[in-house]
There are 2 protein chains.
Amino acid sequence: MERVAVVGVGSTRYSGAQEKTEVELFAEAATEAIGESNLKPADIKALFLGNALGDFNEGQGMLQAYAADNIGCRNIPANRYEGACASASMAIRDAFIWVASGFYDIVLAGGVERAATMGTGLATRTFAMFSDARYEYPAGVTFPAVFAMLAHLYADTYKIPLPKLREQMARVSIQSYNHGSVNPKAQFFTKNANMPVEKVLGSFVVAAPLTLHDCCPFSDGASAVVLASEAAAKKLTDKPVYLTGVGQASGGPLVTQGDFLPRLRAREISSRQAYIMAGLTPQDIDICELHDCFSIASLIAAESLGFFEYGKAGEAWEKGEADIGGRVAVNPSGGLKAKGHPIGATGAGQVHEIVKQLRGEVEPERQVEGAKNGLTDTLGGDGGTLVNLILQRGW
Amino acid sequence: MERVAVVGVGSTRYSGAQEKTEVELFAEAATEAIGESNLKPADIKALFLGNALGDFNEGQGMLQAYAADNIGCRNIPANRYEGACASASMAIRDAFIWVASGFYDIVLAGGVERAATMGTGLATRTFAMFSDARYEYPAGVTFPAVFAMLAHLYADTYKIPLPKLREQMARVSIQSYNHGSVNPKAQFFTKNANMPVEKVLGSFVVAAPLTLHDCCPFSDGASAVVLASEAAAKKLTDKPVYLTGVGQASGGPLVTQGDFLPRLRAREISSRQAYIMAGLTPQDIDICELHDCFSIASLIAAESLGFFEYGKAGEAWEKGEADIGGRVAVNPSGGLKAKGHPIGATGAGQVHEIVKQLRGEVEPERQVEGAKNGLTDTLGGDGGTLVNLILQRGW
């Protein structure tokens, strides 16, 4: 297997509702990634595109064919991946194997979504389809409710009084808002810095105990990455970031997790695959972009990824151990909470952030100095899909 | 790269509207394929699932996670591919590379759809989303209209009087109906055999010059294949069918084809990739399952695949050269026209048929004797995605 490098990244700013089509949004991210790679569209051998709801939100199915054509990548193989919020990470993992196998030397991967443009009503109803259509959402359980129940279960499992857990969760959101406020690509750029705990706790209740500030927004946006073989990468950049570990796992309806909850088996299986493949342990990770669709999701994820003991992630956030300068910098981009969550693009946005961080190219206020190893974590639905990618500085 | 074999196949009968969910339909095909491979669900390392409209037709997104769990393939990586009618072929091509690269030894690929259950109205509207959402279907052009226009263009380009072309097209449908009538997996099993040309020409007009009998039906169904490395295959079966060539290409809005029409660039690029990879030419192909969504589509496809000269495919059908016993046996399953077209499953159904044919396991009336090399051809939309797969007898 060949080593695979990220040689270029691009991203739109994540935002609320806007007027560009998904084809146009993706073009913005893709042309940035291709240009940064010192390549032209004709150099791209294949496209791997994450997109969850393009057919629902603007009536365009088979989006990847039009996306490829629109950026001048004529007649290349183009795949669309749908794994709910993990769609783009799934696409990048598949792009990885086409390069690792030696079949292609240079490919484009990424994702796009206009979740904000859909409006809250349609977005909530269509998102719900990414839980089990037989037993879950028909019972009225949308994702805020799922994570609200996980918060209660987390509090009970680890014997943390709910008011205490709510404060810990608030710390997660506050940290993310602070990072997002200084990230020009973030939906909440210049907004929500230094939010008091009381404001988080006192915002309107979405699904108890989750308030508005425990929940990520719906976003529009696109992100893209160019992957290349090691040989090609060496000709294109002196700052290659190697994709050294990939992991993916699936899960059925949440009830199949049984007593394993509030943990998700798919995450622990997936991250283990990625760590083993990269030859790293959680202790080696300097920076992690994880799937904080809700603040409680950050605590659960950070523990399953091996950063903190089970039940202790909230304390870690309180002590700054999950912040820049701490044990591991979690979501220095602002994460889904503050950077935004254009679902089919989110995983590619995570890779965009890690690559920029490893290169030392982000804003000084949120740069993780000397970071060498990064991890992404993307969750689709309530455990249906988990993808983890490990990226390492190659110079 | 490792050689990749198909070691087992399974398929539901393709049908009109029925009551099983897509998870249940896929389970029927998948368990047959796994059982035929002398494997158990726990042996399957990953799932690659084609599905175009599961979110629209039964409100289940991220179907692959529930499909994997339901057949006992717990926590394996599971991807959903959407490339309109080419979704399953796209999934199989990606499954191929994960095995060819040596990453996995045994994987499951396939597709499922309940296009018939959607009803004609919703199916027609949602299918239209697989053309360009800016310039095509908003102008009122659904797929019957696209292929009707291609029929007119074909007649004009090759100087075939339209009444003559209509008779040639009728021969395509008649041949497919005859094959489907003796295929127990076909939607039109026991139906429509020996239909007179006059009945085809005289059936109601869908989009002139296409009549009802020029058009494939909407179908429910699922098909699955197990792919294995050569080493694994040798332990599992004495009749391995090797997947020796894969090709895929994309296209933008139909207008970008310009003067190339009625041919589609994506097909000629994709099939060339597959031929070169397999080291075969069109003359080597004994059997072909091609994308006959409309009878005119068969003529266009058979020429681009290299079987007949441009403008001569209609004559070939009239002379029986595209029939069992002729130059190349086209759609001995009955094709989309008579076997049926559950869009996200269709490409896997084509592979199912080729594998059964190469093994000599189909009904005697439609068995292509001594067939060694087979080709599939799957079209997504009006040229947006083309996938070709070449399968060869391995004993």
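**Considering the overall build of chain A**
Helices and strands together make up the secondary structure of chain A, namely 14 helices and twelve strands. A compact globule built from 395 residues would reach a C-alpha radius of gyration of about 21 Å, and chain A, at 19 Å, matches this within 12%. Counting only C-alpha atoms, chain A reaches 55 × 45 × 40 Å along its principal axes. Taking all 395 residues of chain A together, the buried fraction comes to 67%. A fraction of 76% describes how many contacts in chain A between residues 6 or more apart in sequence connect residues 24 or more apart. Summed over all atoms, the accessible surface of chain A reaches about 12000 Å², with 53% contributed by carbon and sulfur. In chain A, the 35 positive side-chain charges and the 43 negative ones have mean positions that sit 2 Å from each other.

**Section: the packing of helix H10 (residues 265-278) of chain B against helix H11 (residues 295-304) of chain B**
Residues and elements named next belong to chain B. Across the interface, H10 lies against H11 with an axial gap of 9 Å and an inter-helix angle of 45°. Looking at the two axes, H10 sits oblique to H11. In the crossing of H10 with H11, the sense of the turn from one axis to the other is right-handed. Within the contact between the two elements, H10 uses Arg267, Glu268 and Ser271 and H11 uses Ile300, Ala301 and Ser304. Grouping the constituent residues of the contact of H10 with H11 by class yields two nonpolar, two polar and two charged.

**As for the interface of chain A and chain B**
Residue-level contacts link 58 residues of chain A with 58 residues of chain B. A combined buried area of about 4600 Å² lies between chain A and chain B, and 52% of that area is made up of carbon and sulfur atoms. Of all residues in chain A, Met62, Tyr66 and Asn75 of chain A bury the most surface against chain B, accounting for 15% of the area lost on that side. Inspection of the chain A/chain B interface yields two salt bridges.

**As for the pattern of salt bridges**
What the rule picks out here adds up to 40 salt bridges over all chains. Of the charged contacts, one joins Arg80 of chain A and Glu82 of chain B as a salt bridge, the two residues approaching to 2.7 Å between their closest N and O atoms. Here the residue Arg80 of chain A occupies a position in strand S3 (residues 78-81), and Glu82 of chain B occupies one in the loop between strand S3 (78-81) and helix H4 (87-100), the pair thus bridging two chains. As far as the burial class goes, Arg80 of chain A and Glu82 of chain B line up, both buried. One salt bridge in this structure joins Arg134 of chain A and Asp132 of chain A, with 3.1 Å as the shortest N-O distance. The partly exposed category is assigned to Arg134 of chain A, whose relative accessible area is 27%. Note on Asp132 of chain A: relative accessible area 0%, which makes it buried. Put simply, Glu36, Lys356, Arg359 and Glu361 of chain A are held in one network by salt bridges that share partners.

**Quick word on helix H11 (residues 295-304) of chain A**
Since the α-helix packs 3.6 residues into each turn, any two residues three or four apart lie on the same face. Residues and elements named next belong to chain A. Of all ten residues in H11, ten are buried; the element is thus mostly enclosed. Looking at the buried residues of H11, the elements they touch are helix H6 (143-157), helix H7 (162-181), strand S6 (210-211), helix H10 (265-278), helix H12 (313-319) and strand S11 (373-380). Backbone geometry just after H11 places Gly306 at a positive phi near 95°.

**Focus: the relation of the copies chain A and chain B**
When chain A is fitted to chain B, the best match, at an RMSD of 0.0 Å, comes from turning it 180° and sliding it 0.0 Å along the axis. What we have between these two chains is a two-fold relation. Both copies contact each other with a shared surface, as 100% of the interface residues of chain A are interface residues in chain B too.

**Description of the environment of Phe103 of chain B**
All names here are of chain B. Looking at the secondary structure, you find Phe103 in the loop between H4 and strand S4 (106-114). On the basis of relative accessibility, which here comes to 27%, the residue Phe103 falls in the partly exposed class. With 174 residues separating them along the chain, Phe103 and Met277 place their C-alpha atoms 20 Å apart.

**Some thoughts on the packing of aromatic side chains**
How two aromatic rings sit relative to each other is set out by the distance from centre to centre and by the angle between their planes. Summed over the entire model, instances satisfying the criterion amount to 22 aromatic pairs over all chains. An aromatic cluster of three or more residues is present, and its members are Phe48 and Tyr81 of chain A together with Phe48 and Tyr81 of chain B. Sitting above the plane of the Tyr310 of chain A ring, Arg263 of chain A keeps its charged end 4.0 Å from the centroid. The positively charged end of Arg263 of chain B is found above the aromatic ring belonging to Phe260 of chain B, 4.4 Å away from the centroid.

**A few points about unusual backbone geometry**
Excluding glycine, most residues fall at negative phi; most peptide bonds, likewise, are trans. Of the consecutive residues Ala208 of chain B and Pro209 of chain B, the connecting peptide bond is found in the cis state with omega at 10°. Between Leu261 of chain B and Pro262 of chain B the backbone carries a cis peptide bond, its omega angle lying at 10°. In this fold, Pro262 of chain B is placed in the loop between strand S8 (241-250) and H10. One non-glycine residue with positive phi stands out, namely Lys159 of chain A, at about 55°. Position of Lys159 of chain A relative to the elements: it lies in the loop between H6 and H7. Look at Thr190 of chain B: it is not a glycine, yet its phi comes out positive at around 70°. Along the chain, Thr190 of chain B turns up in the loop between helix H7 (162-181) and helix H8 (197-202). Classification of Thr190 of chain B as exposed rests on a relative accessible area of 59%.

**Things to note about helix H6 (residues 143-157) of chain B**
Residues and elements named next belong to chain B. Taking 1.5 Å of rise per residue, 15 residues should cover 21 Å, and H6 covers 20 Å from first to last C-alpha, within 8% of that figure. Among the residues of H6, those classed as buried are Phe143, Val146, Phe147, Ala148, Leu150, Ala151, Tyr154 and Ala155. Lys159 sits one or two residues past H6 and shows a positive phi near 55°.

**A few points about the confidence of the model for chain A**
Residue-level pLDDT values for chain A average 97, and 100% of them are 70 or greater. Both scores are available for the predicted complex, with the pTM at 0.98 and the ipTM at 0.98.

**Some details on a nonpolar patch on the surface**
All names here are of chain A. The grouping of Phe204, Val206 and Leu212 at the surface amounts to a nonpolar patch, some 260 Å² of accessible area in total. Counting through the fold element by element, Phe204 comes out in the loop between helix H8 (197-202) and strand S5 (205-207). By relative accessible area, Phe204 is classed as exposed at 54%.

Procedures and definitions
- Residues numbered from 1 in each chain as written.
- Chains lettered and ligands numbered in written order.
- Predicted model: local features only at pLDDT ≥ 70, side-chain atom pairs only at ≥ 80, totals over all residues.
- Heavy atoms only, no water.
- Helix = DSSP H or I, 4+ residues; strand = E, 2+ residues; numbered from the N terminus.
- Rg over C-alpha atoms; globule rule 2.2 N^0.38 Å.
- Buried < 20%, exposed > 50% of the residue type's maximum accessible area, 1.4 Å probe, protein only.
- Contact = heavy atoms within 4.5 Å.
- Areas by Shrake-Rupley, 256 points an atom, 1.4 Å probe, with all protein chains shown as cover.
- Lys, Arg positive; Asp, Glu negative; His and termini not counted.
- Charge placed at Lys NZ, Arg CZ, Asp CG, Glu CD.
- Axes fitted to C-alpha atoms, helices over the stretch in contact; angles between N-to-C directions.
- Parallel < 35°, antiparallel > 145°, perpendicular 65-115°, else oblique.
- Left-handed = near helix turned anticlockwise from the far one by under 90°.
- Nonpolar A, V, L, I, M, F, W, Y, C, P; charged D, E, K, R; others polar.
- Buried area = accessible area lost by both parts, 1.4 Å probe.
- Salt bridge = Lys/Arg side-chain N within 4 Å of Asp/Glu carboxyl O.
- Least-squares fit on C-alpha atoms with pLDDT ≥ 70 in both.
- Phe/Tyr/Trp six-rings, centres within 6.5 Å; stacked < 30°, edge-to-face > 60°.
- Lys NZ or Arg CZ within 6 Å of the ring centre and 35° of its normal.
- Expected span 1.5 Å × (residues − 1).
- pLDDT = per-residue confidence, 0-100.
- Patch = residues over 30% accessible without salt bridge, like charges linked within 9 Å, V, L, I, M, F, W, Y side chains within 5 Å.

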